[in-house]
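Each chain, letter by letter, is given below.
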Amino acid sequence: QYHFQQSAQDINLQAIAQNLPFRLRGQAKMEAEARWQDPTLRGAAGTGQVEFLNVRAEQASFRGIKIPDLSFVRIVTRLELRNGLLSIKALTAEGPLMEGRGRGTLHLRNRWTDSVCNISARIYTQEELRAELPLISMMGNDQEPINVMIQGTWQRPQISVNGIPF
């Protein structure tokens, strides 16, 4: 039987996120524990938590639309792993322009990009973000959330906003 237990602090997001199509800054800390029998990780079971602090996403765009720089004071996710299914039990994000809550699953595959995701989130936006991106103001506000679904493979996710494919 194999056992993994690890914690880490002061993880520099910019150093580990160099292949993203935008700049990511901030710090992370994590705790994780898992047990399994097979060296391929089949049948692994475990739990973990990752906390991101002072996160800033810069120079991002989506389908040709420039997205304003976004910052979050704190993002916390609680995870559970069972038989190749990584469950996001809770995800919370707190920032000056938006707050969000989410959950979902990720069916892990040998090639990370082939993993299949099913993630949903409810995002509450602040007036400043809605003023900068008028399209956002049509989708939700600080009272009504924007409902986001991400499904498909990690390499080719299908994203819908309030039930409309994006």
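This text goes with the structure placed above it.
Only a predicted model underlies this, so the values are computations on that prediction, with no experimental measurement involved.

(A) Main features of a nonpolar patch on the surface. On the surface, L135, M138 and F166 cluster together into a nonpolar patch covering about 300 Å² of accessible area. Following the sequence through the fold, L135 ends up in helix α3 (residues 134-139).

(B) Examining the environment of F166 more closely. Of note, F166 is situated in the segment after β12 (164-165). Using a relative accessible area of 31% as the deciding quantity, one classes F166 as partly exposed. The spatial distance from the C-alpha of F166 to the C-alpha of M149 is 9.9 Å, given a sequence separation of 17 residues. Those residues in contact with F166 that sit more than four places away from it in its chain are F62, R63, L135, M139, I159, S160 and V161.

(C) Quick look at the packing of aromatic side chains. Going through the model one piece at a time under the given rule, you end up with one aromatic pair. Relative to W36, the ring of Y2 has its centre 5.6 Å away and its plane inclined at 15°; by these criteria the two rings are stacked. Taken together, the residues span a long stretch of sequence, with Y2 in strand β1 (residues 2-12) and W36 in strand β2 (residues 23-36) at a distance of 34 residues.

(D) Summary view of the sheet that holds strand β6 (residues 70-82). Ordered by their spatial adjacency, ten strands build an open sheet running β1-β2-β3-β6-β7-β8-β9-β10-β11-β12, and the pairing between neighbours is antiparallel. Two strands in the sheet have a free side with no partner beyond their single neighbour: β1 and β12. As paired elements, strand β7 (residues 85-94) and strand β8 (residues 98-107) share eight bridges and run antiparallel to each other. Of the residues in β8, the one forming a bridge with L85 is H107.

(E) Layout of the pairing of strand β11 (residues 157-161). Pairing of strand β10 (residues 146-153) with β11 involves five bridges; the strand directions are antiparallel. Within β11, the residue paired with I150 across the bridge is I159. Between β10 and β11, which pair antiparallel in sequence order, lie three residues. Note: β11 against β12, two bridges, orientation antiparallel. Across the sheet, V161 pairs through a bridge with I164, a residue of β12. Linkage of β11 to β12, two consecutive antiparallel strands, is achieved through a turn of two residues, within which N162 is found at a positive phi near 50°.

(F) The arrangement of the nonpolar core in detail. Ranked by size, the top nonpolar core spans 19 residues in total, and within it L24, V55, L70, F72, L129 and I146 carry the most contacts. Taken together, the elements giving at least two residues each to this core come down to β2, β3 (45-58), β6, α3 and β10. Examining the composition of this core, we find that three residues originate from one element, β6, more than from any other. When neighbours within four sequence positions are excluded, L129 is seen to be in contact with P68, L70, L97 and M98. Core analysis: the second largest hydrophobic core is formed by nine residues, A34, W36, C117 and I119 among them.

Scoring rules and cut-offs
- Residues numbered from 1 in each chain as written.
- Predicted model: local features only at pLDDT ≥ 70, side-chain atom pairs only at ≥ 80, totals over all residues.
- Heavy atoms only, no water.
- Patch = residues over 30% accessible without salt bridge, like charges linked within 9 Å, V, L, I, M, F, W, Y side chains within 5 Å.
- Areas by Shrake-Rupley, 256 points an atom, 1.4 Å probe, with all protein chains shown as cover.
- Salt bridge = Lys/Arg side-chain N within 4 Å of Asp/Glu carboxyl O.
- Helix = DSSP H or I, 4+ residues; strand = E, 2+ residues; numbered from the N terminus.
- Buried < 20%, exposed > 50% of the residue type's maximum accessible area, 1.4 Å probe, protein only.
- Contact = heavy atoms within 4.5 Å.
- Phe/Tyr/Trp six-rings, centres within 6.5 Å; stacked < 30°, edge-to-face > 60°.
- Pairing = 2+ DSSP bridges.
- Core = buried A, V, L, I, M, F, W, Y, C linked by side-chain atoms within 4.5 Å.

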